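Next come the chains, spelled out residue by residue.
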Protein chains: 2
Amino acid sequence: MRKVRLGLKKCPYDIIIGSNIINRLGRVTDKLNLGSDAFIITNPLIKRKFGKAVKKAFIKSGVRVKFRTVPDTEKSKSVATAALVLTDLCAYDIKKKIFIVALGGGVVGDLAGFIASVYKRGVPYIQIPTTLLAQVDSAIGGKTAVDLKEGKNLIGAIYQPKLVFSDVAFLRSLDLRQTRAGLGEVFKYGIIKDPELFAFIERNCGKILRRDSRAMEHIVTRCSEIKAAIVSRDEKEEKGLRTILNFGHTAAHAIEAASGYKKLNHGEAVALGMLVACGISRRLRLLDGKTEERIEGLIKAAGLPTQIRGVNLDRIISAHYHDKKFLGAKNRFVLITGIGKTRITRNIPLKIIKDSIKERF
Amino acid sequence: MRKVRLGLKKCPYDIIIGSNIINRLGRVTDKLNLGSDAFIITNPLIKRKFGKAVKKAFIKSGVRVKFRTVPDTEKSKSVATAALVLTDLCAYDIKKKIFIVALGGGVVGDLAGFIASVYKRGVPYIQIPTTLLAQVDSAIGGKTAVDLKEGKNLIGAIYQPKLVFSDVAFLRSLDLRQTRAGLGEVFKYGIIKDPELFAFIERNCGKILRRDSRAMEHIVTRCSEIKAAIVSRDEKEEKGLRTILNFGHTAAHAIEAASGYKKLNHGEAVALGMLVACGISRRLRLLDGKTEERIEGLIKAAGLPTQIRGVNLDRIISAHYHDKKFLGAKNRFVLITGIGKTRITRNIPLKIIKDSIKERF
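Values in this document were obtained by computation on a predicted structure and should not be read as measured data. (Residues numbered from 1 in each chain as written. Chains lettered and ligands numbered in written order. Predicted model: local features only at pLDDT ≥ 70, side-chain atom pairs only at ≥ 80, totals over all residues.)

(A) Examining the overall build of chain A more closely. From N to C terminus, chain A includes 13 helices and 11 strands. Taking 361 residues into account, the globule formula puts the C-alpha radius of gyration at 21 Å, and chain A, at 20 Å, falls close to it. With respect to the three principal axes, the spread of C-alpha positions in chain A is 60 × 40 × 40 Å. The proportion of buried residues among the 361 residues of chain A is 52%. In chain A, the proportion of contacts linking residues at least 24 apart, taken out of those at least 6 apart, comes to 75%. (Helix = DSSP H or I, 4+ residues; strand = E, 2+ residues; numbered from the N terminus. Rg over C-alpha atoms; globule rule 2.2 N^0.38 Å. Buried ≥ 20, exposed ≤ 12 C-beta atoms within 10 Å, placed from the backbone. Contact = placed C-beta atoms within 7 Å.)

Quick look at the structure:
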């Protein structure tokens, strides 16, 4: 079991990583004094797979457990679902000391975090991420959100969990496409911060795709360390430090929006978005072609897309009014000058952005 | 124009108080760099009365203005209304730098603050309170909320405004009952913190009920100072300092809940709740009968109720599951030992609480 500390001044917390550690969950939460009743938000599939083990771990520590499932779809990240879950939570929470548990991937994590942030002006919650994407990214850092019809993540708060508990054994239940999606974010950490991690993935791509425990423990730990270091210095994205985590995401959001959030999943869109950012970096003479090829090679090796298919180019370019970083007169991109070296650049000529997107068709 | 500073470390802000100062609003907000577009949440009545003046003040400063009205009822403090307003806000907020304005009483202030807190993980907002209750209490301190069917203020956040702008000329539009309701909270400040304020109200009760500008400016300023001092030292109600602001509110919440939030308004319930707290204080030999009579005398002079009518005693006692301060095995009350002197007391024998409520029938 490894421990990464997210050292925020006001609300520091641990990220625990290990393989087959779920039975030790209660011992960890015991010390946090979270409450007597866990209100576990999850989806039916995850509940079927891991619900029993989680329940057992809590009960062993004298914590009562109540599951509330939401459908396994992005649609669950809505105000309407949040209101329904809040009503149930409130009906359950009579003369108890409750805390919230997010058991699942990004959708459940964002929704449960949002619910915890607004219920009674904030109750404690913990994240038990079950996907690679959630373990390396969305469960860490306190970004919580629900969507509006008009756009994703438009409603939310930054509200930190009391614990992130990542059992990499859970990742065995992922299908190959979900695993690859998570890898998109893992590559991102390597590219923006850690040439060694990048090289590790290059060497161990096969093992990772097979979800080898040791390899997964290593990459989840390293990604958690990187994210924890960034978030602890810039929790609310005020100092521009947290911004580098958006590497690849600006174009990815536009690609996802243009596809109506179908066809491509988030990790696939991020892979394409990183390649667009590499293209912009090259055109601005920040990045050499060799490094770009190395990145593209790894994305290919992981089975992630390097070409945009089934999405309309014009729609990508006109998409995403609400992301002011993109294609406004005042755009802003996270670019790279090499593996592990970022540079935030503003007011990039639109032609360069468009050409870098076109190139991926 | 008077200025009270709410000196929070991370997000300090001013409370501006004056009579007929709305035309100076733009000059004040100019310095705050809030944005180019004001999204003003208000109700139809307030918009009719003050909308023009507020709009004029903003436009003079080059700020565009969009009004969004919600019905003038507690029902507007719902998740459903919040979702509708958020959707409109999002449709309006295209290529703008928006900020939110709460123009109205407590309902509008709580709703607009909640919307500002969750939209895009937080956008700036200002409070322009138009009722006495909002000017002295609810607009200050960043408590934002919407209700669930199961109870009031169950959903929300502590999220500070960038400015509170209190024009006491607005208070002229209040009817006598609303003015009295606000006075309930004003008395509270005198009783918990300021014998001089209490004596001022005793001397000037007639003037205040007529909403004399000078008298109103004085009491709104003094109450703002007291609340600002408490909130700045205990923003999130973690240190127990902010707790004393709940004087009279524990029983008031139970009385309001038992009446189904009809019959009595919040200020009237607080007046009764303060008398219940005085009764408990006397029974615990903390408070002498003379001081209690003085408080009851002032409440009577203001035309606020001193007897509970039309609400069932048993329902008060069984009410309010969600307020753990009340009537649980571990109750907690803010009591007084004299005017200006509070004492927080736990585990009061239930009989004493019940007797103190019964006495008000």
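So, next bit.
(B) View of the environment of Lys120 of chain B. Among the structural elements, Lys120 of chain B can be located in the loop between α4 (106-118) and β6 (125-129). Separated by 76 residues in sequence, Lys120 of chain B and Glu196 of chain B have C-alpha atoms that sit 44 Å apart.

(C) Looking closely at helix α6 (residues 176-193) of chain A. Taking 1.5 Å per residue, 18 residues should reach 26 Å; α6 of chain A reaches 26 Å between its end C-alpha atoms and fits that length. Judged by how many residues are buried, α6 of chain A sits mostly within the fold: 15 of 18 residues are covered. (Expected span 1.5 Å × (residues − 1).)

(D) Spatial organisation of the interface of chain B and chain A. Listed as interface residues are 23 residues of chain B and, on the opposing side, 24 residues of chain A. Of all the elements in the fold, those that place two or more residues in the side of chain B that touches chain A are α3 (79-92), α4 and β8 (151-158) of chain B. Among the residues making up the side of chain B that touches chain A, the classes are represented as 14 nonpolar, four polar and five charged. (Nonpolar A, V, L, I, M, F, W, Y, C, P; charged D, E, K, R; others polar.)

(E) The relation of the copies chain B and chain A, seen in detail. Taken as rigid bodies, chain B and chain A are interconverted by a rotation of 180° and an axial shift of 0.0 Å, the fit giving an RMSD of 0.0 Å. On the angle and the small slide along the axis, the relation comes out as a two-fold axis. The overlap is high: 100% of the interface residues of chain B also sit at the interface in chain A, so the same surface is used on both sides. (Least-squares fit on C-alpha atoms with pLDDT ≥ 70 in both.)

(F) Local environment of unusual backbone geometry. A positive phi angle is found at Arg285 of chain A, which is not glycine, with a value near 60°. Note that Arg285 of chain A resides in the loop between α10 (266-283) and α11 (289-301). A positive phi angle is found at Lys263 of chain B, which is not glycine, with a value near 55°. Within the secondary structure layout, Lys263 of chain B lies in the loop between α9 (249-258) and α10 (266-283). On the basis of neighbour count, Lys263 of chain B is assigned to the partly exposed category, with 15 C-beta atoms found within 10 Å.

(G) Focus on the pairing of strand β10 (residues 332-338) of chain B. Residues and elements named next belong to chain B. Sheet topology note: the β10/strand β11 (residues 341-346) ladder contains six bridges and is antiparallel. Residue pairing across strands places Arg332 opposite Arg346, the latter belonging to β11. Here β10 hands over to β11 after two residues, with Gly340 in that stretch at a positive phi of 95°. (Pairing = 2+ DSSP bridges.)

(H) Layout of the environment of Pro71 of chain B. Residues and elements named next belong to chain B. Residue placement: Pro71 occurs in the loop between β4 (64-69) and α3. Residue classification places Pro71 among the exposed positions, given that 12 C-beta atoms sit within 10 Å. For the pair Pro71 and Asn347, spaced 276 residues apart in the sequence, the C-alpha separation amounts to 41 Å. Beyond its immediate sequence surroundings of up to four residues, Pro71 is in contact with Asn43 and Ser76.

(I) Structural detail: the nonpolar core. Formed by 233 residues in total, the largest nonpolar core has its most connected members in Ile41 and Ile115 of chain A together with Ile41 and Ile115 of chain B. The contacts of Ile115 of chain B, once residues within four sequence positions are left out, are Ile41, Ala82, Val85, Leu86, Leu89 and Ile100 of chain B. (Core = buried A, V, L, I, M, F, W, Y, C linked by C-beta atoms within 7 Å.)

(J) Representation of the sheet that holds strand β5 (residues 98-104) of chain A within the structure. All names here are of chain A. Strand order in the open sheet formed by seven strands is β1-β2-β9-β6-β5-β3-β4, with mixed pairing between adjacent strands. Each edge of the open sheet carries a strand with a single partner, namely β1 (2-6) and β4 (64-69). Along the sheet, successive strands turn relative to each other by an average axial angle of 20°, direction set aside. For strand β3 (residues 37-42) and β4, the ladder comprises six bridges, and the chain directions are parallel. Across the sheet, Thr42 pairs through a bridge with Thr69, a residue of β4. Docked against the sheet, helix α2 (residues 44-60) engages β3, β4, β5 and β6 (125-129), running at close to 170° with respect to β4. (Axes fitted to C-alpha atoms, helices over the stretch in contact; angles between N-to-C directions.)

(K) Local environment of the packing of α10 of chain B against helix α13 (residues 350-358) of chain B. Residues and elements named next belong to chain B. Two elements in contact, α10 and α13, have axes separated by 8 Å at closest approach and are oriented at 130°. Compared by their axis directions, α10 and α13 come out oblique. Between α10 and α13 lies a crossing whose hand is right-handed. Contact with α10, carried on its side by Val276, Gly279, Ile280 and Arg283, involves Ile352, Ile353, Asp355, Ser356 and Ile357 of α13 and no other residues of that element. (Parallel < 35°, antiparallel > 145°, perpendicular 65-115°, else oblique. Left-handed = near helix turned anticlockwise from the far one by under 90°.)

(L) Broad picture of the confidence of the model for chain A. For chain A, per-residue confidence averages 93 on the pLDDT scale, and residues scoring 70 or more make up 97% of the total. Scored by ipTM, the complex comes to 0.85, with pTM at 0.90. (pLDDT = per-residue confidence, 0-100.)

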